[in-house]
Amino acid sequence: MRLLRRNPSEESIFKNLDWLTIILYLAMVCCGAVSIYAASYDFDQASMFSFAEFSGKQMRWILMALGIGLVLLLIETRIYETYAYLIYAVMILLLLVTPFVAPDIKGSRSWIVLGPMSLQPAEFAKSATALALARLFSGYNFKLNAKIGNYARALLIICLPILLILLQKETGSALVYLALFFVLYREGMSGLVLFAAAFAVTIFVVSIKYSEALVLGTPAGQFWLLVAIAFIILVMSGIYGKNRLEVCRNLLLGYIGCAAVIVILEAWAKVPVPGLPVMLGIIGAACAYLAFEAMRTRLPRLFVPVATAVLSVVFLFSVDMAFDKLQYHQQMRIKVVLGLEQDLRGAGYNVNQSKIAIGSGGLTGKGFLEGTQTKLKYVPEQHTDFIFCTIGEEEGFWGTTLVELMFIALILRIIHIAERQPTAFGRVYAYCVASYLIFHFCVNIGMVIGLCPVIGIPLPFFSYGGSSLWGFTILLFILLRIDASRKRVLSY
Amino acid sequence: MRKDYNLEKRKFVIAGFLLLIAIIYGIRLFNLQIADDKYKQSADTNAFLRKTIYPSRGLIYDRNGELVVYNQAAYDVMLIPRDVEPFDTADFCRALNITPEDLSRRFEDMRKNPSYSSYTPQRLISHLSAEDYGRLQERLYRFPGFYIQSRTLRQYAHPTGANVLGNIREANATDIQNDPYYAPGDYTGDMGVEKSYERHLRGIKGVEILIRDARGRIQGRYDEGRQDVPPTAGRNLTLSIDIRLQEYAESLLVGKRGAVVAIEPSTGEILCLATSPSYDPRLLVGRERGANYRELVNRPDWPLFDRSIMGAYPPGSTFKPTQALLLLQEGIITPETAYPCSRGYHSGNLTVGCHGHGSPLPVRPALQTSCNAFFCYGFKAMIDRRGKYGSSSNAFEVWKNHLVTMGYGYRLGIDMPGEVRGFIPNSAFYDKYHGPGHWSANSIISVSIGQGEVLATPVQIANLAATVANRGWFITPHVVKGIQDTVIDEQYRTPRHPDIDAKFYDIVAEGMRMAVTGGTCRGAALSGIEVCGKTGTAQNPHGQDHSAFMGFAPYHDPKIAVCAYVENAGFGATFGVPIGSLVMEKYLNDSIAPERKYIEARMLNTSVYYAPPKKKSK
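Residues numbered from 1 in each chain as written. Chains lettered and ligands numbered in written order. Predicted model: local features only at pLDDT ≥ 70, side-chain atom pairs only at ≥ 80, totals over all residues. Heavy atoms only, no water.

Enquirer: Looking at this structure, how should I read the overall build of chain B?
Expert: Helix and strand content of chain B: 23 helices and 20 strands. Counting across all 618 residues of chain B, residues that qualify as buried make up 53%. Residue pairs at least 24 apart in sequence account for 71% of intrachain contacts in chain B once pairs closer than 6 positions are excluded. Working note: accessible area of chain B is about 27500 Å², and carbon and sulfur atoms make up 52% of it. (Helix = DSSP H or I, 4+ residues; strand = E, 2+ residues; numbered from the N terminus. Buried < 20%, exposed > 50% of the residue type's maximum accessible area, 1.4 Å probe, protein only. Contact = heavy atoms within 4.5 Å. Areas by Shrake-Rupley, 256 points an atom, 1.4 Å probe, with all protein chains shown as cover.)

The following block contains the structure:
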C-alpha cells in the first residue's frame, strides 16, 4: 500500500473504470425501460395513465440508480472490505424484521414501505452477502479446503439469508443464493458437489417425468436411473481405483453377466424379471465388491463410489416423498414444465401465453408497440418477471438473441474482471455477482420459454421494479469500484 | 498472495455452464419463434375476434312483382353474465311476458351451452316480438349487463305456397361439414326455393375484426376497420308462381289430398304448384319453429310432403295421350286406324273393361271417350310386332324410351329439392318379375292405360299437357323466372323435344279438345275459351280411385297447362276436372263466370274422407 502513495484522485478512478461493463449496463437498462414502456402501453389511447405509471416510474428508478452508482464509485474500496460484516449484519437484521413490518402482498411479506417507495430488502441482501463472503475469503491465508470450519462459516453466510427470505415466502429470491455454490467451487470446493447437484436434478426430473411407463415391472424412470447409478459406480471405480483397473474390469464383467442372464430370462425363457429388486441387488453386490476391494487393497478412495451409490439410491427413493412435500402450486409448475400437465387455465396459463407471445414474434418481431399478446394483457406480470415476452413478441428472434448476447457478454466480462483481481476479496465478490446474474438469467428466461418451472424472479436490468434494479446496480458498481482501484492495492 | 492456476481453470467450467444454457435457450427460442408457426396463429386467435356481419337475405317476389317473402327484424335478448347485477326479476318477466320459472329455465339452458363464458355475450331469449322488444327496451336501463341484438327473420306476405317457398333453419352439423361457408348459428334454406336457391339468396357474409383482451373484452377495431369486409346482400328472386293463383288452387284443395300444377307452356314457368294438405309458412319462423316443425312432421296427412313433385301416382287415363303419340310415331296406327270396343278389351280370358260408346273407333274419338280397349289393342299391336322389333322386350324398350323423352320415368329437373322420378318399367324389370320370355303384351296390358306399374308425379302430368299445348316441345318446368343480377340456369331456357313428330301432337290436341266438347271432360268447358283436356281415374291400392285431370287452354294459343290430382276422390270428372278448369278460368279470366260459381263453391266446400292410418303392429 505504501509503495503506491500517489494521491488517488477521482480522475484516476474513472480512468480505471471498466467502461465495457458500464456500457453494457446502460444498454440493458435502456432496453429495459423501452420494453417496460411497450409492455404497459395500451392500444386504448385513453389509458396513457398506465404508461405514466410503469414507464415513468422506471425512469425515476433508473436516474436514482445512476446516482447511487456514482456515490458507490466514490467510496474507498477499503470501506467495503472493512465494513463488510457490519453491512451483512445490518441486512440480516433487516431481513429478520421484514416479515413483521411488511404488509401482506400476494401472500408474501417482503416489501418494506418507505413513503412513496416500497423496497425489497432481499434484493439488497445479495450485495451484503457477497461482501461478507468476499471478506471471509480475504482472511490471511484463508483456504476453503483447509479445515471443515471454513466450509461451515461460508455456508452460514450463504444460508442465513436463504432461511430468512424463505420466512418471507419469497422462494424464488431465496433460491438465488444457491448460485453462490459456483463461488465455493471456484474457491476450491470439490467439483463432485456440482456434479452431485446436477445428478440430483437429473434424478428428480427423470423419476417424476417417467413414472408412468414400466420397464420390467418398475417405473421406467426409476429403472433407468438405477442402471445409470450402476454405470456411474463402474466409471468411478475406474477413476478412483487408479492403477487397479482390474477392479473396474471385474465389475464390468459382472454387469455383462447379469445383463445376459436378464435378457435370456426375459426373452427366451419368458420368466418375468422383477426389475427393482434385481437392479438393487446388482448395485448392492457391486458396492459390496468395491468395499471388499477397498479393504483388501487398502484403497479407501474406492469407498467414494460406494457412498455415491448409496446416497443416489436413497435420494432416488426419497424424491416422491420430497415432491409430495411441495405445495400444490409448486408441484403443478414442475409438472407443467416436464410436460406432464397442461393446465392451461391454472399453472400452465402464464407459460403457455408467454410461449405464444414469444413464438408469435417470428424472426423480426411484430414491431415496437405492435405486440398483441402483451398489449391485450394475455401475459400476466409482463412488465416484471415476464418482460422477456414483450421483447420476444415485438423484436422477434433478433431481439431475444441480442438480449441473450448482452447477458453472456456481461457475465463473461465479470468473470474476466474477477480473475484479474489481485485480492481474494475482489475475486470472490466478482464471482458472487457473476453467479447471481447466471442464476437470474437461466431461471428467468428458462421459465418464460417453458424450460424451467415458474419461479418468480426478475430479469436483471430489464424487469420493472426499483428494488431489483437498485440491487443489481449496487452489486455492479461496488464491483466496478473494487476493480478500478485494483492497481493501487497490489498487496496488503 | 500466490495465484492458484489449477483453481483459475475452473472459470472455464462456470463460463461453459453459462454458454451451454445459453445455447439451449437459443435453440429453444429458434424453435419457438422461427421453426413453429402455431404460436403466431394462437396469438391471432387470442387477439382478433372475427365477428361475422350477416348480409340481408334475398327477397322473393311472385311473377307479378308482388313481394312474397321479406325480412323482418327480430330481437334477441343478450347478456354478459359478469356484468349482470341483481335485478328485479318480476319486472323483467312482465316486460317479456314470461313466467319466472321460464326465466330461470332459460338461464339454466344458457349455462349448459358448451361455449358459455361469463365474459362473452350469451343469448338468453331469441326472437322477441316487436311489442316485447318495445316494452323491454323502455326499461332496459334497469337491467345492467343485458342488451338487445337484432337479427332478421323471414316473413311471408301470404299464408300460402309453403312448399314452394320453403323456410330457413339453423345450419346443422352436416351443412357445416359439407359447405365451408357455414358456421354454427348461421341460417340456411330448408325446402323449396329457400333451399334450391340458397347460394343466391344467402349473399356473402362480411367480417369485422375486433381486438379482444385477455378477459374477452373488446378493445376496439383492428386497423381502424380497414381490414373489415362488408357483407354482400343476397340476390332477390322472382318466382314464376302467381301467388294469387297459388292461393286459389290451395283453397280449392282444402279438405282433400292432392296437387294442382299449372305451367305456362311457352316458357315452362310454373304458375302454381299447390299441394294439399299444406300449412302456413309462418309456422316455421322464429321461436316456435322447432315445436311447429315437430308437429307438422308427426301429422298423419304429411303436410310437409309436397305431393306435386314428391307424390308418385298412377297417371290413369291422363297417360293415354302419350300412348296415342308413340303408337302414331311408331306407325302402329294411323289417325284412321280403328279398334273395336265391346265394353272393353278382350284377349283370351283377359278383359279390360270400358264404358259405352261407339265402336270401332279411331284415335281421336278414343281420346275423346277415353276408350281403354283402343289403347290396349294398340299396345298389344306394338309389343307383339316381332317383325318390326324382333321381340316383345325390344318393342317395350322402344315404348319406354319414348316415354322417357316425354319427361316420364326420370326427374324432370324442376328447381326444387325433393322431386321424385315416378316410375316407367323397362323390359329388364319384367324379365325379373315374370322371367325372361315369360311375359307378353297381355301380361302388362294395364301400363297402356296408365295403371299397373306406371307412376308419375303431378308435375310430370302437367308437363305432358304443356308439351301437347306446344305441339311437341317443352321447357323444363321451373318456379323461379328471374334472379337479380344474373340469369336463370340454361336448362330452364332451353326447349326439350320428345322424339315424336309435331304433327301427331295436333291429332292428340284435337282428341283432347273433343273430350271437352263432347267427351269425358265436358265439365271443363268454359265459355269463350277453347279448353282441351283429359280425365284420369286411377285405380290404386289405397281405396277409392284417384281423380285426375290434365289439360290446357286456349286450344290454339295455349297460355296455361294444368294437372289436378286428387287422391281417392273417385272419377276424374268429379274433382279433377272442376278443380283443373277453375284454375284455368281463374288464370285466364281472372274471375269465375257466374254460371260456374256453384262449381267453385262445391269444390271449396267439399272434403274427401280419408280413413285414419292403420296403426302398424310391431
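Enquirer: For this particular structure, what's the right way to read the interface of chain B and chain A?
Expert: Where the parts come together, the accessible area they lose is often given as the size of the interface. Tallying the contact residues gives 35 residues for chain B and 50 residues for chain A. Here chain B and chain A share an interface that buries about 3700 Å² over both sides, 69% of which is from carbon and sulfur atoms. Between the two partners, chain B and chain A, sit eight residue pairs in polar contact (both at pLDDT 80 or more). Mapped onto the side of chain B that touches chain A, the elements with two or more residues apiece are α1 (5-8), α2 (10-35), α3 (38-47) and β8 (206-212) of chain B. When residues of the side of chain B that touches chain A are assigned to their parent elements, the largest contribution, 19 residues, is made by α2 of chain B. Grouping the amino acids of the side of chain B that touches chain A by side-chain chemistry returns 22 nonpolar, five polar and eight charged. (Buried area = accessible area lost by both parts, 1.4 Å probe. Polar contact = N/O pair within 3.5 Å; in protein donor to acceptor, adjacent residues only side chain to side chain. Nonpolar A, V, L, I, M, F, W, Y, C, P; charged D, E, K, R; others polar.)

Enquirer: Can you help me understand the nonpolar core in this one?
Expert: Among the nonpolar cores identified, the biggest contains 122 residues, and Leu133, Phe388, Ile414, Tyr429, Tyr436, Phe461 and Phe462 of chain A are the most heavily contacted of them. Looking at which element gives the most residues to this core, the answer is helix α18 (residues 424-448) of chain A, with 18 residues. When near neighbours in sequence (up to four residues on either side) are disregarded, Leu133 of chain A contacts Ala154, Ile157, Ile158, Leu180, Val183, Val428 and Cys432 of chain A. The next biggest cluster of nonpolar side chains, apart from the first, holds 97 residues, and it includes Ile414, Ile449, Ala548 and Cys563 of chain B. (Core = buried A, V, L, I, M, F, W, Y, C linked by side-chain atoms within 4.5 Å.)

Enquirer: Quick question: what am I supposed to make of the packing of aromatic side chains here?
Expert: Aromatic rings in a pair are described by how distant their centres are and how their planes are angled relative to each other. According to the stated counting rule, one finds 40 aromatic pairs over all chains in the structure shown. Arranged with centres 5.1 Å apart and planes meeting at 85°, the rings of Phe223 of chain A and Trp224 of chain A form a pair that is edge-to-face. Consider the rings of Tyr339 of chain B and Tyr377 of chain B, whose centres lie 5.7 Å apart with planes at 20°: the pair is stacked. Of this pair, Tyr339 of chain B sits in the loop between α14 (320-329) and β13 (344-347) while Tyr377 of chain B sits in helix α16 (residues 372-383), placing them 38 residues apart in sequence. Chaining the aromatic ring pairs together yields one cluster made of Phe319, Phe379, Phe396, Trp399, Tyr408, Phe423, Phe429, Tyr430, Tyr433 and Trp439 of chain B. (Phe/Tyr/Trp six-rings, centres within 6.5 Å; stacked < 30°, edge-to-face > 60°.)

Enquirer: Looking at this structure, how should I read the sheet that holds β8 of chain B?
Expert: Pairing between the strands of a sheet comes from backbone hydrogen bonds, and it takes one of two forms, parallel or antiparallel. Residue and element names in this part refer to chain B. Strands sit in the order β1-β8-β9 across an open sheet of three strands; the sheet is antiparallel. The sheet terminates laterally at β1 (48-53) and β9 (218-221), the two strands that pair on one side only. Averaged over neighbouring strand pairs, the angle between their axes works out to 40° when direction is ignored. Here β1 runs beside β8; their pairing, made up of six bridges, is antiparallel. Looking at β8, one finds that Arg50 is bridged to Ile209. (Pairing = 2+ DSSP bridges. Axes fitted to C-alpha atoms, helices over the stretch in contact; angles between N-to-C directions.)

Enquirer: How should I be thinking about a nonpolar patch on the surface in this particular structure?
Expert: Together, Ile79, Tyr83, Leu86, Ile87 and Val90 of chain A make up a nonpolar patch on the protein surface, roughly 430 Å² of accessible area in all. Positionally, Tyr83 of chain A belongs in helix α4 (residues 77-101). (Patch = residues over 30% accessible without salt bridge, like charges linked within 9 Å, V, L, I, M, F, W, Y side chains within 5 Å. Salt bridge = Lys/Arg side-chain N within 4 Å of Asp/Glu carboxyl O.)

Enquirer: What is the right way to look at unusual backbone geometry in this model?
Expert: Glycine aside, a negative phi is what most residues show, and trans is what most peptide bonds show. Residues and elements named next belong to chain B. Note the cis peptide between Ser276 and Pro277, where omega equals -5°. Tracing the backbone shows Pro277 in the loop between β12 (269-276) and α12 (289-298). The omega torsion across Ala553 and Pro554 is -15°, close enough to zero to call that bond cis. Along the chain, the position of Pro554 falls in the loop between β19 (543-553) and β20 (560-566). Of note in the backbone geometry, Arg471 takes a positive phi value of approximately 60° without being a glycine. For Arg471, the location among the structural elements is in the loop between α20 (458-469) and β15 (474-475).

Enquirer: Would you take a moment to explain the confidence of the model for chain B for this structure?
Expert: Caution applies to low-pLDDT regions: their predicted coordinates should not be interpreted in detail. Within chain B, residue pLDDT values average 87, and 97% of them lie at 70 or more. For this predicted complex, the interface confidence score (ipTM) comes to 0.89, while the overall pTM stands at 0.65. (pLDDT = per-residue confidence, 0-100.)

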